[in-house]
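Chain residues, written in single-letter form:
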Amino acid sequence: MSEGVNMNSIEKPIRLLLAPLLGVACAVGAASPSLATLITYTEQVTGTGELNNVAFTNASLVFDMINNTTSVTNAGGGLFTNRGTVTITVNGGAPVTVTDVTQAVANQTLD
């Protein structure tokens, strides 16, 4: 992750469980393997932690990842993943880019 990011201190687990959206993306990718379309993952949470050495408490956090459908992989067991670059916005401020590989996961077996 980006230097100074302490994700362990965020109170709510961050999950990008976007089964319906990812399911559609997989269907599009399977129907047209040569067609890459953009897909956007967005997760909004309230959390407490530190980002680039700036502490925040009960802040609005937005995690965004834009990728394409050709990057979606089937991990088996109803799990689909898409790896890419994630940005984090705290309380509407300037987005910070996470430098480590990050992935969105859709678990299609959850009710």
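Throughout this document, residue positions are counted from 1 along each chain, in the order its sequence is written. At least 70 in pLDDT is required for a residue's local features to be given in this predicted model, at least 80 for side-chain atom pairs to be given and counted, and no such filter applies to totals for whole chains, interfaces and linings, which use all residues. The basis for the side-chain values is all heavy atoms of the structure; hydrogens and waters are excluded.

(A) Representation of the environment of D100. Numbered from the N terminus, helices here are DSSP runs of H or I no shorter than four residues, and strands are runs of E no shorter than two. Structurally, the position occupied by D100 is in the loop between β6 (96–97) and β7 (102–107). Buried, partly exposed and exposed residues are distinguished by accessible area as a fraction of the type maximum, computed with a 1.4 Å probe on protein chains only: under 20%, between the cut-offs, and over 50%, respectively. For D100, a relative accessible area of 43% corresponds to the partly exposed category.

(B) Inspection of the side chain of N67 at higher detail. Tracing the backbone through its elements, the reader meets N67 in strand β2 (residues 54–68). Residue N67 is classed as buried on the basis of its relative accessible area, which comes to 11%. Polar contact is defined as a pair of N or O atoms within 3.5 Å, subject to the rule that within protein one atom must be able to donate a hydrogen and the other to accept it, and that residues adjacent in sequence are counted only when both atoms are side-chain atoms. There is a polar contact of 3.3 Å between the side chain of N67 and the side chain of S71. Among the polar contacts listed, one links the side chain of N67 to the side chain of N82, at a separation of 2.9 Å. We call two residues in contact whenever any of their non-hydrogen atoms come within 4.5 Å of each other. The contacts of N67, once residues within four sequence positions are left out, are T37, L38, I39, N82, R83 and G84.

(C) Here's a closer look at the nonpolar core. Formed by 17 residues in total, the largest nonpolar core has its most connected members in Y41, L51, F56, L61, F63, I88 and V90. Where this core is concerned, the elements lending two or more residues are β1 (38–51), β2 and β5 (86–90). Among the elements that make up this core, the one with the highest residue count is β2 (five residues). Among buried residues, those of type Ala, Val, Leu, Ile, Met, Phe, Trp, Tyr and Cys that are joined through side-chain atoms within 4.5 Å constitute a nonpolar core.

(D) Region of the structure containing the environment of G78. Take G78: it is sitting in the loop between β3 (73–76) and β4 (79–84). On the basis of relative accessible area, G78 is assigned to the partly exposed category, the value being 22%. Remark: the alpha-carbon pair of G78 and N107, spanning 29 residues in sequence, is separated by 5.7 Å. Here G78 is in contact with A106, N107, Q108 and T109, once residues within four sequence places are set aside.

(E) Looking closely at the confidence of the model for the protein chain. Here the protein chain averages 76 in pLDDT, and 68% of its residues register 70 or above. The pLDDT value expresses, per residue, how confident the predictor is, ranging between 0 and 100. Element-level pLDDT for the protein chain is lowest in helix α1 (residues 19–31), with a mean of 49, against a maximum mean of 94 in β5. Between residues 1–22, whose pLDDT stays under 50, and residues either more than four places distant or in other chains, the model counts 60 contacts.

(F) Summary view of the sheet that holds β6. For two strands to pair, DSSP has to find at least two bridges joining them. The strand order across the open sheet built from four strands is β1-β2-β5-β6, with neighbouring strands paired in antiparallel fashion. Looking at the sheet topology across the chains shown, the edges are occupied by β1 and β6.

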